[in-house]
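Architecture at a glance
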Amino acid sequence: MKAWRTPDWSYDAVYERLTADYPESKVKKLMELRVPGKKLPAFAEDWPDLFGRLYADVQVHDLERGFADRLSKGGFTIGKDLLRYRIDWRAKCADFIAPPDWKVTHSTDRAIWFWGCGLGQGLTVGEKKILEEINGVFARFVKGEDVQWSQQGPKMMYRLKSNGEMDMWEDDRWERGLEGWNVMNE
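In this report, the structure presented in the accompanying data block is examined. (Residues numbered from 1 in each chain as written. Predicted model: local features only at pLDDT ≥ 70, side-chain atom pairs only at ≥ 80, totals over all residues. Heavy atoms only, no water.)

**Here's the deal with the side chain of Thr-108**
- For Thr-108, the position within the fold is in the loop between strand E1 (85-87) and helix H4 (110-113).
- Once you skip the residues sitting within four places of it in the chain, Thr-108 turns out to touch Arg-90, Ala-94, Ile-97, Ala-98 and Lys-103. (Helix = DSSP H or I, 4+ residues; strand = E, 2+ residues; numbered from the N terminus. Contact = heavy atoms within 4.5 Å.)

**Examining the sheet that holds strand E3 (residues 166-170)**
- Overall, mixed pairing links the three strands, which are arranged E1-E2-E3 in an open sheet. Looking along the sheet, the strands with just one partner apiece sit at the ends: E1 and E3. Averaged over all pairs of adjacent strands, the angle between strand axes in this sheet comes to 30 degrees, irrespective of strand direction.
- As paired elements, strand E2 (residues 156-160) and E3 share five bridges and run antiparallel to each other. Across the sheet, the residue bridging to Leu-160 is Met-166, located in E3. (Pairing = 2+ DSSP bridges. Axes fitted to C-alpha atoms, helices over the stretch in contact; angles between N-to-C directions.)

**Focus: the packing of aromatic side chains**
- Per the counting criterion, the structure on display carries seven aromatic pairs.
- An angle of 40 degrees between the planes, with centres 5.2 Å apart, marks the rings of Phe-51 and Tyr-55 as tilted. Taken together, the positions of Phe-51 and Tyr-55, both in helix H3 (residues 47-73) and four residues apart, correspond to about one turn of that helix. Take Phe-51 and Tyr-55: they sit in the same class, and that class is buried.
- An aromatic cluster is built from Tyr-11, Tyr-15 and Trp-47, whose rings are joined through pairwise contacts.
- The ring of Trp-169 is capped by Arg-86, whose NZ or CZ atom sits 4.9 Å from the centre of that ring.
- Sitting over the ring of Phe-43, Arg-176 keeps its end group 5.0 Å from the ring centre. (Phe/Tyr/Trp six-rings, centres within 6.5 Å; stacked < 30°, edge-to-face > 60°. Buried < 20%, exposed > 50% of the residue type's maximum accessible area, 1.4 Å probe, protein only. Lys NZ or Arg CZ within 6 Å of the ring centre and 35° of its normal.)

Now the structure itself:
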């Protein structure tokens, strides 16, 4: 995300850039939460990187967690009414969309959703094998079948790990995401 109309290299530039898309009252609270003391936090490489991370949090990460939390509290069952998943795996053909050093991004997962179609040579036979399990979960969910797992709760999700294996993962960013959701939705 840091390539999306990236601000200059300062706290004030990040603050000003975020206020272009969000109310200043919300940006002020978000910056107080995530950038205490107006010092570059350890989780960011530089100010443009911080902007990308904050923007992704507001647009995707915090939003997804807050929405899942509200649905769960409203009676939805995770695995039945809502399917949470995380993709840490990247197909080789995603290199046609983004350089490998970008790792897994929102756009590199196109190789999964469109079976590599239109991206170089597409998915390899081995990559298709990797995707069988998670695509099976998606298919069962879309058919309305219950894909619940033994570990219950809104923090739990399917994860396709970077090595191509699937597991259940407890969202270690849950609380952080809810903090951001709450700041932006108070």
